[in-house]
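# Coordinate analysis (summary)
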Amino acid sequence: MIPDARETALEVLTACRKAEAWADGALRSAIRRNALSPRDAALASRLTYGVLQNRAFLDYYLQPFQKGKDWEPVIWDILRIGAYQILLMDRIPPSAAVNCAVEMAKGHRRARAAGMVNAVLRGLAREKEQREPPRDLSTRYSHPQWLVDRYVSILGAEEAEACLAANNAPAPTTIQRNPLQITREALLQELEPFSPRPHPWMEDCYEISGTGNLEELEAFRQGHFQIQDAASALAARAAGCGPGQTVIDVCAAPGGKSFSAAMRMENQGRILAFDLHANKIRQIQQGAERLGITCIEAAQADGRIPLSALAGTGDVVLCDVPCSGLGIIRKKPDIRYKAPQMLQGLPAVQEAIVTNAAGYVRPGGVLLYSTCTVLPEENGEVVRRFLQARPDFSMEPFALPFGETVGEITLWPHRHQCDGFYLCKLRRQDD
């Protein structure tokens, strides 16, 4: 059987369930391995993310048909793929969704279940308008209750719902122009087939669509842009990176912030990019080579362990610490299914890294703390404990592209049209 879009989606969902794979990486691998056309790759992506983003919602509509029976996990996944098409996609006829699901069941040696799959999905297509939609936010937006509760406690009920909806909306593909290689006009001309739209507030960032695999574009291979969300691109701007500086990026992989810093530095100066994992160092080096950046030196290091040779040498130290990743749920929908216990040890790791990174900042230099999460316990609370321990640092206001001046900010997808992200600029006092 030649894998098509639906089979590829099922393959990825199975890998997520059995091997605890991350959907984005498993999906890229499956699309490449199955040699999907751009059209099938787009459908496979939508089905995979759609099921993960709406699993509780889909199950709410499927469970009345279960009638006390146990369904195998693979049958659940086949039914969810079918239900997603029936409930949340307009362009696929329900009959096509049903027939494809039946063939998938047969193809996975579940011929005895094929009749049940047919009956359930036909019943769903016939009766979907008769069932009252779920009222509770957890089911309606398929987020675990603990996370819904945290959003409500931070944002209030009305804005929390807007955030949940944004988490389930398709994330635009955002790129950042490489000014070292190409002018704005020339890049827009290259990307014209993909309808480039300037990001609402981040200069030189563009939202594009219909590209298929971005890494296969000639403009990408030539280093004319990098794939970078506006929130992440903002980090180098907030830190004030400029030509001739020494910049130290303590948790650099996959390299996006180092690359943004190099662009703002006009490739003049020195960027030391470190990461804990040796296999990611080559990834940073390859990215720099593609972008024509020569000022980056990448090496393996643990962000919690001091490198004495770097003490007090950094004009700017970028500290993008490991975090829960809850700000990028719209791009990694399976993050929402992490157990809340995962959060317990993160602040201690974050504090250890920022404390060590502070030792690299020269007197008068900048420490930029950032995460891709929106939870205060990983963001402002970590910064405040750090400032209590290091009175020689203080929060410094920086100008945002959309008009505000702040010392710290939490960016939210529903407010700022970017990933969920936290940034805080800290200045070390001059001796």
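Structural data are supplied above this passage.
Residues numbered from 1 in each chain as written. Predicted model: local features only at pLDDT ≥ 70, side-chain atom pairs only at ≥ 80, totals over all residues. Heavy atoms only, no water.

## Brief notes about the packing of aromatic side chains
Rules: Ring geometry is summarised as follows: Phe, Tyr and Trp rings, the Trp one being its six-membered ring, pair when their centres sit within 6.5 Å, and such pairs are stacked at plane angles under 30 degrees, edge-to-face over 60 and tilted between the two. The secondary structure listing takes helices from DSSP runs of H or I that are at least 4 residues long and strands from runs of E that are at least 2 residues long, numbered from the N terminus. Burial classification: accessible surface area is computed with a 1.4 Å probe over protein chains only, and a residue below 20% of its type maximum counts as buried, one above 50% as exposed, and the rest as partly exposed.
The full count for this structure, using the stated rule, is eight aromatic pairs. Taking 6.2 Å as the distance between ring centres and 70° as the angle between the ring planes, the aromatic pair formed by Tyr151 and Trp412 counts as edge-to-face. Taken together, the residues span a long stretch of sequence, with Tyr151 in helix α9 (residues 145-155) and Trp412 in the loop between β13 (408-411) and α18 (413-416) at a distance of 261 residues. Neither Tyr151 nor Trp412 differs from the other in exposure class; each is buried.

## A look at the sheet that holds strand β1 (residues 173-177)
The line we're drawing: Two strands are counted as paired when DSSP detects at least two bridges linking them. Every residue pair with non-hydrogen atoms within 4.5 Å of one another is taken to be in contact. Convention adopted: a line fitted to C-alpha atoms gives each axis, helices being fitted over their contacting stretch, and angles between N-to-C directions are expressed from 0 to 180 degrees.
Read from one edge of the open sheet, four strands run β2-β3-β1-β4, paired in antiparallel fashion. The open sheet has two edge strands, β2 (197-198) and β4 (225-227), and neither has a second partner. Pairing analysis gives four bridges linking β1 to strand β3 (residues 205-208), with the strands arranged antiparallel. Each bridged residue has a counterpart across the sheet, and for Thr173 the counterpart in β3 is Ile208. Here helix α14 (residues 256-264) sits on the sheet in contact with β1 and β4, set at roughly 155° to β4.

## Some points on the packing of helix α16 (residues 346-358) against helix α17 (residues 380-389)
Put simply, the rule reads: Orientation categories follow fixed angle ranges, with anything under 35 degrees roughly parallel, anything over 145 roughly antiparallel, 65 to 115 roughly perpendicular, and all other angles oblique. A crossing counts as left-handed when the near helix is turned anticlockwise from the far one by less than a right angle, and as right-handed when that turn is clockwise. Polar here means any residue other than Ala, Val, Leu, Ile, Met, Phe, Trp, Tyr, Cys and Pro, which are nonpolar, and Asp, Glu, Lys and Arg, which are charged; Gly is therefore polar.
Two elements in contact, α16 and α17, have axes separated by 10 Å at closest approach and are oriented at 45°. As the angle between them shows, α16 and α17 are arranged oblique. In this structure, the crossing between α16 and α17 has a hand that is right-handed. Where α16 abuts α17, its residues Pro347, Gln350, Glu351, Val354, Thr355 and Ala358 lie against Val382, Arg385 and Phe386. Of the residues belonging to the contact of α16 with α17, the class tally is five nonpolar, two polar and two charged.

## Brief notes about unusual backbone geometry
Working note: non-glycine residues mostly have negative phi, and peptide bonds are mostly trans. Note the cis peptide between Ala253 and Pro254, where omega equals 5°. Within the secondary structure, Pro254 is located in the loop between β5 (245-249) and α14. Despite not being glycine, Ser195 has its phi angle at roughly 50°, a positive value. Here Ser195 is to be found in the loop between α11 (184-190) and β2. We classify Ser195 as partly exposed; its relative accessible area is 42%.

## Structural notes on the pairing of β5
We apply this condition: A crossover counts as right-handed when, viewed with the strands pointing away from the observer, the path leading from the first strand over the helix to the second turns clockwise.
Buried residues dominate β5, accounting for five of its five residues. Residues Gln245, Val247 and Asp249 point to one face of β5 and Thr246 and Ile248 to the other, with burial holding for every one of them. Examined bridge by bridge, β5 and strand β6 (residues 269-275) share five bridges and lie parallel to one another. When the bridges of β6 are listed, Thr246 appears paired with Arg270. You can see the chain leave β5, run along α14 and come back into β6, and the turn it takes is right-handed. Direction of pairing for β5 relative to strand β8 (residues 314-320): parallel, over a ladder of three bridges.

## What to know about the packing of helix α5 (residues 73-88) against helix α6 (residues 94-107)
Axis separation between α5 and α6 bottoms out at 9 Å; the angle between their running directions is 170°. With respect to each other, α5 and α6 are oriented roughly antiparallel. On α6, the residues that touch Ile78, Ile81, Gly82, Gln85 and Ile86 of α5 are Pro94, Ala97, Val98, Ala101, Met104 and Ala105. When its residues are assigned to classes, the contact of α5 with α6 shows nine nonpolar, two polar and no charged.

## Some words on the environment of Phe398
Structurally, the position occupied by Phe398 is in strand β11 (residues 398-399). A relative accessible area of 4% means that Phe398 is categorised as buried. A sequence separation of 27 residues divides Phe398 from Lys425, and the C-alpha atoms of the two residues are 7.4 Å apart. Setting aside residues no more than four positions away along its own chain, Phe398 makes contact with Ala238, Glu404, Thr405, Val406, Gly407, Glu408, Ile409, Leu423 and Lys425.

## Overview of the pattern of salt bridges
Stated formally: Should a side-chain nitrogen of Lys or Arg be within 4 Å of a carboxyl oxygen of Asp or Glu, the pair is scored as a salt bridge.
Inspection of every chain in the model, using the stated rule, returns 30 salt bridges. As a salt-bridge pair, Asp77 and Arg17 come within 3.1 Å of each other at their nearest N and O atoms. You can see Asp77 sitting in helix α5 and its partner Arg17 sitting in helix α1 (residues 5-18), a full 60 residues away along the chain. You can call Arg17 partly exposed: its relative accessible area is 33%. Among the charged side chains, a salt-bridge network with shared partners connects Arg17, Asp59, Asp77 and Arg80.

These figures capture arrangement, not role.
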